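Spelled out from the first residue to the last, the chains are:
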Amino acid sequence: MVTTVQQIHPIAHLPLVLGVLRRLEVATVIDRLIPPHPAPGLSCGRGVEALVLAILDGHHALYKVGRRLEERGMLALLQPGLTRAALNDYRLGHILDALFAANLNGVFSAVALKALEVYTIATPWLHQDTTTIVLYGAYKDEPQTPEAPRPAYGHSKDGRGDLKQVLLSLGVSGDGGLPLRLGLRDGNTSDSVETPVAIEECLALGLQGVHGIVADSKAYSRRTLGLCREKGLGLVTLVPRTCAVRQALEAWGAQQPALPLLVEKPGRTRDEACRQWHGQSVMRPVEVEYSDGRVTQEELRFLVVHSSQLAQQHTQTYASAQAKEAEALTDHVQRVQARWFACAADAAAALTEYEHHEPGRRGRRPHPWRFHAVRYRVVADTRRTRRARRGRPAKTDPPPLEAGYRLGVDVEALANPEEANGWMVLATTVPAEVCGDADILQAYQDQNTTVEPGFRWIKNPAAIAPVWLEKPERIAALAMLTVVGLLVYSLIQRQVRLSLHTHDQQIPGNKGLTATPTAAVVLALFAHVALVQFWIGEQVVEQLSGVQPHHLLLCEALGLDSSWYAVPSAQKHGRGIQTP
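All residue numbers refer to position in the chain's written sequence, counted from 1. Confidence filtering applies because this is a predicted model: local features only for residues at pLDDT of at least 70, side-chain atom pairs given and counted only at 80 or more, and all residues used for totals across whole chains, interfaces and linings. Side-chain metrics rest on all non-hydrogen atoms present in the structure, leaving aside hydrogens and water.

## Some details on the layout of surface pockets
Quick note on the threshold: Buriedness for pockets is judged along seven lines, at least five of which must meet protein on both sides within 12 Å for an open set on the 1 Å grid over protein atoms alone, while cavities are sets there where a 1.4 Å probe fits but cannot get out, and lining residues have an atom within 4 Å of a point. Grid points are joined across faces, edges and corners, and a volume is the space filled by probe spheres set on the points. Secondary structure elements are taken from DSSP: a helix is a run of H or I of four residues or more, a strand is a run of E of two residues or more, and numbering for both begins at the N terminus.
In this model, the largest pocket occupies a volume close to 670 Å³. Surrounding the largest pocket, 31 residues form its lining, Pro453, Tyr489, Ser490, Gln493 and Ala519 being those nearest its centre. Elements with a contribution of two residues or more to the lining of the largest pocket: α3 (44-57), α14 (447-459), α15 (472-502) and α16 (519-524). With seven residues, the single largest contributor to the lining of the largest pocket is α15.

Laid out in structure tokens, this is it:
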């Protein structure tokens, strides 16, 4: 009997992602919040599933969604009888409009809370941070809907000050870095203004057992501290270097003979020494602003920490910055010494201009030299000048000289005192009897392993750059769906790692077997899984190719039945049948 291959669909990791979406009941939750579309066919919930699949597949332009999912062979699994034409950009655009009209924060919070319920995830800490989403193309100054974020020029965290942007604010769980709250603001919104709003939205989630919110130094302000005291919410934040209270506490810490050991971790290499964090809490009065405008002095808990790893980083950073400044100084000294002054008064005036400051260039203000001591002095000197008469001089004539003045420059590299390196100061409204010093420090350190990886994923490979969307409302809705994709992405990583650790198992990674794979590694393992359609006589048979035992193990880790990687429909008869 003749066997002919008809079509190969590389379904890869998409059934796994769809299985997680179905277990979270994303479509059901959204269809409950959004009224059904009058035209039969694709519901909002199924459209959201399609968009999230496209986002996690790296092709989330609206006009590409239907074609891409058809190439992947996902249409029948997404919805029986679904066609590529049903996933047109017009319908998907209306779904984005409906999501925005239903309140994006409310829709996303419902999905996020469902994830916590399904996978029984505790949330002792919420980690807060912001990033910018740059937008290509022209956008109106004011959106049609007042609640929509206004694309605007502002401080770009992508280094693209030439592009308009919107601000994305995320609150993620300490366990797994799952996004639980999102906010989309105008492109020129300040982080210090956003933090109190984020705190109010975190309180609106109604989560149980939350100690507080962890944020970076932008959250340290009188108003934020006052709000956390009023609401009874814990806050852990880094005190900025410019604050007098931090400078005083660092000086206090350097004077202590020994601080208690809070955390100790092994070195990252065999030759690296153990990394240690010593610290102690102290109470200091600071200004706090309440909602009624009152500003009072209140006792606040500060955790003064010295890190051996941070001290090493500070030493390396200082040496690198000093070497870079030395290069600039070399050019500066050459320019200064090349200047010629006819009288001592002019030289003295130039000395006053240069002293203690690096000259500003390209419109920048002069600023002090940070890593070198630079001293100037007036030096009497002579230089050769042109002869007063034309013609060749006699060999016995002395060369013509001119008396004048130059500036001499003495440069001394400033030493970096070791006792000044490695210090940081955390401010918190959490009482010591609720969380000890080690717990506060660990909560802040988790900031780098929770919210920051999510932002990196959103920048790349998710790469929000919606050039095809002209309405800020749709930009906001697509950004929300991208965060839903981040939620699924983070859930996959957390659950797989938890299951492998619990059952003492490993799966293939980039460098051999691993028990702590990233979500990118997990999804890449499915790259060779394909749905093959072929003819056997007059029958169309579908069969999955490339499914390995570790694929089924990953499905089990996520609480999915292995049928997600079974053949959607066993057989079809007749050569006139078309695939959806």
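Right, picking up where we left off after that structure.
## Considerations on the sheet that holds strand β5 (residues 212-215)
What counts, and what does not: Following DSSP output, two strands are said to pair if at least two bridges run between them. Axis geometry follows a simple rule: fit a line to the C-alpha atoms, using only the stretch in contact for helices, then measure angles between N-to-C directions, giving values from 0 to 180 degrees.
Strands sit in the order β4-β3-β2-β5-β6-β12-β9-β8-β7 across an open sheet of nine strands; the sheet is mixed. Both edges of this open sheet fall to β4 (179-185) and β7 (261-265), since each of them pairs with a single strand only. Neighbour-to-neighbour, the strand axes of this sheet turn through a mean angle of 25°, independent of strand direction. When strand β2 (residues 125-135) meets strand β3 (residues 164-173), the two strands line up antiparallel, connected through ten bridges.

## Quick word on α14
Rules: Expected span of a helix: the number of residues minus one, times 1.5 Å. The angle between axes fitted to the seven residues ending at a residue and the seven residues starting there is what we call the bend at that residue. Any residue under 20% of the maximum accessible area for its type is buried, any over 50% is exposed, and the rest in between are partly exposed; the area is computed with a 1.4 Å probe on protein chains only. Pairs of residues are marked as contacts when any of their non-hydrogen atoms sit within 4.5 Å.
Here α14 is 13 residues long and its end C-alpha atoms lie 18 Å apart, about the 18 Å a rise of 1.5 Å per residue gives. At proline 453, α14 is bent by approximately 25°, the largest bend along its length. Of all the positions in α14, only Gln447, Thr450, Val451, Gly454, Phe455, Trp457 and Ile458 are classed as buried. Lining the buried residues of α14 we find α3, β2, β3, β5, α13 (437-445) and α15.

## Focus on unusual backbone geometry
In this model, glutamate 25 sits at a positive phi of 55°, which is unusual for a non-glycine residue. Unlike most non-glycine residues, asparagine 103 shows phi in positive territory, near 80°. Within the element layout of this structure, asparagine 103 appears in the loop between α6 (89-101) and α7 (104-119).

## Remarks on the environment of arginine 375
Stated precisely, the cut-off is as follows: Whenever two N or O atoms come within 3.5 Å, that pair is a polar contact, provided that in protein one can donate a hydrogen and the other can accept it, and provided that, for residues adjacent in sequence, both atoms are side-chain atoms.
Inspection of the secondary structure puts arginine 375 in strand β10 (residues 372-384). Between the C-alpha atom of arginine 375 and that of glycine 408, which follows or precedes it by 33 residues, the distance is 8.3 Å. Apart from residues no more than four positions distant in its own chain, arginine 375 is found in contact with Gly408, Val409, Asp410 and Glu412. Among the polar contacts listed, one links the side chain of arginine 375 to the side chain of glutamate 412, at a separation of 3.2 Å.

## A short note on the pattern of salt bridges
As a reminder of what qualifies: Salt bridge criterion: a side-chain nitrogen from Lys or Arg within 4 Å of a carboxyl oxygen from Asp or Glu.
Considering all chains together, one arrives at 26 salt bridges under this definition. Measuring nitrogen to oxygen at the nearest pair gives 3.2 Å for the salt bridge that ties arginine 375 to glutamate 412. Of this pair, arginine 375 sits in strand β10 while glutamate 412 is found in strand β11 (residues 401-413), placing the two residues 37 residues apart along the sequence. Classification of glutamate 412 as partly exposed rests on a relative accessible area of 41%. Members of the salt-bridge network, linked through shared partners, are Asp57, Arg68, Glu71 and Arg72.

## Comments concerning empty space enclosed by the protein
Any empty space left between the atoms is revealed when a probe the size of a water molecule rolls over them. Stated formally: Think of it as three bins: nonpolar holds Ala, Val, Leu, Ile, Met, Phe, Trp, Tyr, Cys and Pro, charged holds Asp, Glu, Lys and Arg, and polar takes everything else, Gly as well.
Overall, the coordinates contain two cavities of 30 Å³ or more when judged by the stated rule. Reported here for the largest cavity is a volume of approximately 50 Å³. Of all the elements in the fold, those that place two or more residues in the lining of the largest cavity are β2 and α8 (191-204). Of all the elements, β2 adds the most residues to the lining of the largest cavity, at three residues. The residue makeup of the lining of the largest cavity, split by class, is two nonpolar, three polar and four charged.

## Regarding the confidence of the model for the protein
Note the cut-off: pLDDT gives the predictor's per-residue confidence on a scale running from 0 to 100.
Residues with a pLDDT of 70 or more make up 90% of the protein, whose mean pLDDT is 86. Element-level pLDDT for the protein is lowest in strand β17 (residues 571-573), with a mean of 41, against a maximum mean of 95 in strand β12 (residues 423-428). Across residues 569-580 the pLDDT falls below 50, and counting only partners more than four positions away or on other chains, this stretch makes 27 contacts in the model.

## Let's talk about the packing of aromatic side chains
The geometry of an aromatic ring pair is captured by two quantities: the separation of the ring centres and the angle between the planes. Worth spelling out the cut-off: Pairing of aromatic side chains here covers Phe, Tyr and the six-membered ring of Trp, requires ring centres within 6.5 Å, and sorts the geometry by plane angle: under 30 degrees stacked, over 60 edge-to-face, intermediate tilted.
Inspection of every chain in the model, using the stated rule, returns three aromatic pairs. Judged by centre distance (5.7 Å) and plane angle (25°), the rings of tyrosine 354 and tyrosine 376 are stacked. Taken together, the positions of tyrosine 354 in helix α12 (residues 344-354) and tyrosine 376 in strand β10 put the pair 22 residues apart, joining distant regions of the chain. Of the two residues, tyrosine 354 and tyrosine 376, neither departs from the other in class, the shared state being buried.

## Comments concerning helix α11 (residues 308-338)
Along its 31 residues, α11 runs 45 Å from first to last C-alpha, staying within 8% of the 45 Å computed at 1.5 Å per residue. Among the residues making up α11, those that are buried are Gln309, Leu310, Ala311, His314, Tyr318, Gln322, Glu325, Leu329, His332, Val333 and Val336. Buried positions along α11 lie against β8 (275-289), β9 (295-307), α12, β10, β11 and β12. Structurally, the start of α11 carries an N-cap: the backbone nitrogen of glutamine 309 is 3.3 Å from a side-chain oxygen of serine 307.

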